[in-house]
Structure formats: C-alpha cells, structure tokens
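As a plain string of letters, each chain reads:
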Amino acid sequence: GRLSAILGRLRDVEDTFHHLQTPKKRVPNLIGGCFVNSQSSDFIDVINPATQQVVSQIPLTKNEEFKAAVSAAKQAFPSWRNTPVTTRQRVMLKLQQLIRRDMDKLAMNITTEQGKTLKDAQGDVFRGLEVVEHACGMASLQMGEFSSNVSHGIDTYSIREPLGVCAGICPFNFPAMIPLWMFPVAVTSGNTFVLKPSEKDPGCASMILAELAMEAGLPSGVLNVVHGTNDIVNAICDDEDIKAISFVGSNTAGMHIYKRASAKGKRVQSNMGAKNHGIVMPDASLDATLNALVAAGFGAAGQRCMALSTVVFVRDSKEWEIELVKRTKSLKVNAGTEPDADLGPVISKQAKERVCRLIQSGVESGARLLLDGRDIVVPGYEQGNFVGPTILSGVTEDMECYKEEIFGPVLLCMQADSLEEAINIVNRNKYGNGAAIFTSSGVAARKFQADIEAGQVGINVPIPVPLPFFSFTGSKASFAGDLNFYGKAGVNFYTQIKTVTQQWKDLGGGSGVSLAMPTSH
Ligand code: NAD
C-alpha cells in the first residue's frame, strides 16, 4: 500500500515536471503543401510585447528543409505557370473572401504577436487584402503588347512571363500587409514562392494566411513558408533556383540582401527605412493638421515605415507645438487588446531601449523634451515594452535622434523660416520614403510637389501610402532596385518580357540572300 502511494506521488511529481517541460507551440514550415515541424533543435521565442508571454516558437530551419521548400516551389512551377491566368485569378478571388471571413482572427493574432491595437491590426490586414483584390485582375495587368505590320508581313508582340521561384523576406511591423504585398502578385502572375516571415511575428503570415491560401485552392508547392533569421536569408540570397527577392525591412539587412543577391544575378526589390517629414505652413487648417500629426506620428506606436516622425514648422506655425503636445497627451497607451488603446507597446525590450537611448541623446544634444513617455507604466501590463508618446522640440539636422530612424512613438519638431528652407531640410535627409505638406495654398503645395525629393508625397495627407493600382514608390535610401512593390511595377518585377517577331507572308519568289542588317525599308 505504502509503495503504491509513493509511486503515485512520484507520478504526480513527474506529471508536474512534464507539464513544466511541455514544449511550446511550435510554428511549422509549409513545404510542398504540408505544414511540417522543423527537425531543428534551435528555436526562437515569439513574445507578446504587451505581456512578455511566449506565444510560440519558430525554428531556425535547417538548410536541407530550406532546400526542400525551394525544390517544392521549383517542381510546382511548370504546371502552375501553364495554369490559365483566369484560374490563378480565381484562387485570389477565393482568398480575398477567406481573408474577410477570418479578419478578426488575423487581427487578434497580429495584436498578440506584434502589439498594435486591434483596430490598427484590421487596417494592416485590409491594406494587404486590397493587394489580393488587385491581383484578381492579373489577366489585364499581365497583358503584353502587340504592334501589327512593323515590316512587310511582320508583327511584333511581347509576352510577360513569370520568372520561376521567387522569395519574400518580411519585417515585423506589418505581419499581414507585407506578405500580402508579395506572394499574391508573384503567384497570380505564375511564379511559385518561398516566404520568410519576420521571426518576431510569424503567426499571421505563416500560419493563417498560408492556410487560407491553401484553402483557397493554391496548389501544393506554389507557396512555401520557412522560418529563421540571418542564415536562411543568406541561403535565399545564394540559392541558384531563386530568381527574385522581395525584401522589406531595415537598411542594414536590405542593403546586405540587395548586394548579396544581385551578385548572384537575382532581381531584388528592397524597401527600407525612413524618416518622413511633415511640413506645416502657417496657412494650414490648424485642427485637421494637428490631428493628422498626432495620428501619423503615434499610430502603431510609430512603428510604420510611413509614420510621420518629423514635423517642420514654417514661421508662425511653430506656436502650434503647445496644442500638439496637448492633443498628444490625451492618447491612451495600453495593450492592443484593450478597447481604449490608442497605441500599444513597441516590439521588443531592445526596441524600447533603442528608442529611449535616442530620446536621451536628443536631450543631451540640446533638444527640448516637451513630452516624455519613457517612464510610462501601464496598469495590468507592467512587463510590456511600452513607450508613451514623446515630443522633442528644437531638433536640428546634426542630432543623432534626427539622423537615425527611431521607429517608436517619438515626434521630432524642427523649424524653418520659409517653405524653401523646409524643403531643403527634407531633401538633405538620406531617406526618401514619404513627405507631406499641410497648407491651404495651391502654390505652396505645387512647389512642394515639384521640389521635394521623396517617393511618396502627401498634400494635406499625412500617410500617403498608395493603393495597389499605383505602386509603393519610396526613393533615395528608402529603396534599392528599380521595380517597386505592387501596381504595374510589382507585376513587372515578377515577370520577364519576351518579345516575339513573326513573319507570315507569301514567300514565293524570294529576293535571294542578303547579309545586311534587316531593316523595314
Ligand atoms: P529587419 O531588417 O530587422 O528585419 C527584416 C527581415 O530581415 C527579417 O525577416 C529578418 O529576419 C531579416 N534580417 C534582419 N537582419 C538581417 C541580417 N543581418 N542578415 C540577414 N537577414 C536579416 O527589420 P524590422 O525591424 O523587422 O522592420 C523594421 C524596419 O523595416 C524599419 O527600418 C522600417 O522602416 C522598415 N520598413 C520599411 C517599409 C517600406 O516599405 N519601406 C515597410 C515596413 C518596414
């Protein structure tokens, strides 16, 4: 009796121990149509930035597993490229419906892993969904050109053909939108794809969107997902079978990938960091402008590549700073799942440290701290990586906080005596993602539009991210490559032009052999 009691106890202890040791939820790879757990023994925790709870773990995928994904994509290519474009479009038509059906689930996953508010997470999904909708028109987008009778009996036409296996490497800040900038355009134009989500928030892209794409009828191997960090990115750059790479993220990673992959002869489109300025003219509508600055400066806790992180007040508009601070103070910082949250946490403890360090360096180099969010504590989420909205005034171009991308809820305020001077400040900045002007003068707006060196220009619009029938056209250090994401350029990126010259004429009584260069005389 005593022995069995002791054995029973031991079993209890073992159960408890086993429970503590229970492996965390592991995010599988998608290879050749199957969701498979990696055989790797190296994993990274995916952490909820509001609570520090481990949501799941992603594998540092082994090289042979990566090769299997590329090989699955390569094998799927011949039949997928020969599938009628109308059939490929229909998969997207179904996918957009499924994304709508699962919108709440997608948004909840984004908030859990990335931290942004649920409403903002819905926007993340929606902006990606619009690219899926756009890809439903691929038959028109991928159309070639035809010129009849360019010479006697000769017509010339061009065909846009898919490249083969393409790959996408994603950042953490838009876990739905950015994968959806990539694979829908790539696969609907006939390519197959290998997606590497951000290791910080892989759940939305890899699990849910890939599951939905399979449910929508995408054949096995057309979309593959592999997890990991630098090693797998380097493997993507080096792989002979991958023809093109879409990258979105920081300049360090983006330029590395651009150089390494183009040295291997690949096409690369690389969207990178930013410092987006808003110029405020004294004739702007005060109310609308201040609301736009607050929303674009602090939405998503400043973790948007198109966040307005720097305001240049021209002449008297500088006095609006006081009101800007007042409106910013009313923002509520909380976990993204809380209904009253305006902004959630930043992505990691390291990100919070970097943001706080850059704020401090601004103060030390002479900027005035009008609002300091560094010491914020959010009740119930004391462990979260929260930074409250922060405003630095009197910022100058030599300051580190100005030169570096902060990527947090920090708004820098500068001053200029004229529109000309304000434009020069923006143009001297190395980044060229976006810039906006707030004014009621058409003359000022038109000068700004003509003289500003930024790829995406807002006129009384703070975050001018183009819809998918245009392209995302960042410039200067914010982009490397020459074909932008989505829109016509996106289709061009994932396709190669073949130009055909055909002759159909009665060849009776030919005029003999001529070795001169053929002309249409
Ligand atoms: P990140 O560069 O750290 O990571 C992006 C991807 O690159 C990840 O998948 C990561 O695993 C990989 N990576 C990172 N370092 C690498 C290295 N040394 N070698 C190989 N691979 C590496 O970027 P992030 O922090 O996830 O995202 C934030 C950045 O993305 C910001 O700079 C932001 O401006 C930028 N961004 C730009 C756009 C745009 O369209 N221009 C959009 C969103 C985000």
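Residues numbered from 1 in each chain as written. Predicted model: local features only at pLDDT ≥ 70, side-chain atom pairs only at ≥ 80, totals over all residues. Heavy atoms only, no water.

- The protein chain is annotated in an unreviewed UniProt entry as methylmalonate-semialdehyde dehydrogenase (CoA acylating) from Mikania micrantha.
- Turning to the protein chain, the UniProt annotation filed under Subcellular location (unreviewed entry) states: "Nucleus".
- The heading Sequence similarities (unreviewed entry) in the UniProt record of the protein chain holds the text "Belongs to the aldehyde dehydrogenase family." (UniProt positions renumbered as here; feature names shortened; annotations may be inferred.)

1. Structural notes on the pattern of salt bridges
Then step 1. Tallied over the entire structure, the rule returns 22 salt bridges.
Then step 2. With a closest N to O distance of 2.8 Å, Asp120 and Arg304 form a salt bridge. On the criterion of sequence distance, the pair formed by Asp120 in helix H5 (residues 118-135) and Arg304 in the loop between helix H11 (286-298) and strand S13 (308-314) is long-range, its members being 184 residues apart. Note on accessibility: Asp120 and Arg304 belong to one class, buried.
Then step 3. We note a salt bridge from Asp372 to Arg374, for which the minimum N-O separation is 3.0 Å.
Then step 4. The structure contains a network of salt bridges with shared partners spanning Asp287, Glu323, Lys326 and Arg327. (Salt bridge = Lys/Arg side-chain N within 4 Å of Asp/Glu carboxyl O. Helix = DSSP H or I, 4+ residues; strand = E, 2+ residues; numbered from the N terminus. Buried < 20%, exposed > 50% of the residue type's maximum accessible area, 1.4 Å probe, protein only.)

2. Thoughts on unusual backbone geometry
Then step 1. The residue Ala300 is not glycine, and still its phi comes out positive at about 55°.
Then step 2. Backbone geometry at Lys476 places phi at a positive 50°, although glycine is not the residue there.
Then step 3. Residue position: Lys476 is located in strand S20 (residues 475-476).

3. Topic: the site of the ligand
Then step 1. By nearness alone, 25 residues border the ligand, and Cys170, Lys196, Glu199, Ser250 and Glu405 come closest of all.
Then step 2. Take Lys196: an N or O atom from its side chain is 2.8 Å from an oxygen atom of the ligand.
Then step 3. Take Asn271: an N or O atom from its side chain is 2.9 Å from an oxygen atom of the ligand.
Then step 4. Across the complex, the protein chains shield 88% of the 840 Å² of accessible surface that the ligand would expose by itself.
Then step 5. The pocket occupied by the ligand, as judged from atoms lying within 2 Å of grid points, is the largest pocket.
Then step 6. At the level of secondary structure, the elements contributing two or more residues to the shell around the ligand comprise helix H7 (177-188), helix H9 (230-238), strand S10 (242-248) and helix H10 (251-263).
Then step 7. Residues of the shell around the ligand, tallied by class, amount to 14 nonpolar, 8 polar and 3 charged. (Near = heavy atom within 4 Å. Polar contact = N/O pair within 3.5 Å; in protein donor to acceptor, adjacent residues only side chain to side chain. Areas by Shrake-Rupley, 256 points an atom, 1.4 Å probe, with all protein chains shown as cover. 1 Å grid on protein atoms, 1.4 Å probe; cavity = no way out; pocket = protein on both sides within 12 Å on 5 of 7 lines; lining within 4 Å. Sits in = over half its atoms within 2 Å of the grid points. Nonpolar A, V, L, I, M, F, W, Y, C, P; charged D, E, K, R; others polar.)

4. Some words on the layout of surface pockets
Then step 1. Estimates place the volume of the largest pocket at around 1,300 Å³.
Then step 2. Residue lining of the largest pocket: 46 residues in total, with Phe172, Lys200, Gly249, Ser250 and Arg354 positioned closest to the centre.
Then step 3. Mapped by element, the contributors of at least two residues to the lining of the largest pocket are strand S3 (43-47), H9, S10, H10 and helix H13 (349-364).
Then step 4. Top contributing element to the lining of the largest pocket by residue count: H10, with 5 residues.
Then step 5. Residues that form the lining of the largest pocket fall into these classes: 18 nonpolar, 17 polar and 11 charged. (Points joined across faces, edges and corners; volume = space filled by probe spheres on them.)

5. Structural notes on the environment of Pro162
Then step 1. Relative to the helices and strands, Pro162 resides in strand S6 (residues 154-162).
Then step 2. Overall, Pro162 belongs to the buried group, its relative accessible area being 13%.
Then step 3. The spacing of Pro162 and Thr188 is 26 residues in sequence and 9.3 Å in space, taken between C-alpha atoms.
Then step 4. When neighbours within four sequence positions are excluded, Pro162 is seen to be in contact with Phe77, Arg81, Gln142, Ser189, Gly190, Asn191, Tyr494 and Thr495. (Contact = heavy atoms within 4.5 Å.)

6. Concerning the side chain of Ser270
Then step 1. Within the fold, Ser270 resides in strand S11 (residues 267-271).
Then step 2. Discounting residues that sit within four places of it in the chain, Ser270 has contacts with Phe247, Gly254, Ser478, Phe479 and Ala480.

7. Regarding the confidence of the model for the protein chain
Then step 1. Counting all residues, the mean pLDDT for the protein chain is 95, and 96% of those residues have values of 70 or more.
Then step 2. Of all the helices and strands in the protein chain, helix H1 (residues 2-21) carries the lowest mean pLDDT, 62, while strand S7 (residues 165-169) carries the highest, 99.
Then step 3. Prediction confidence for the complex, expressed as pTM and ipTM, is 0.94 and 0.99 respectively. (pLDDT = per-residue confidence, 0-100.)

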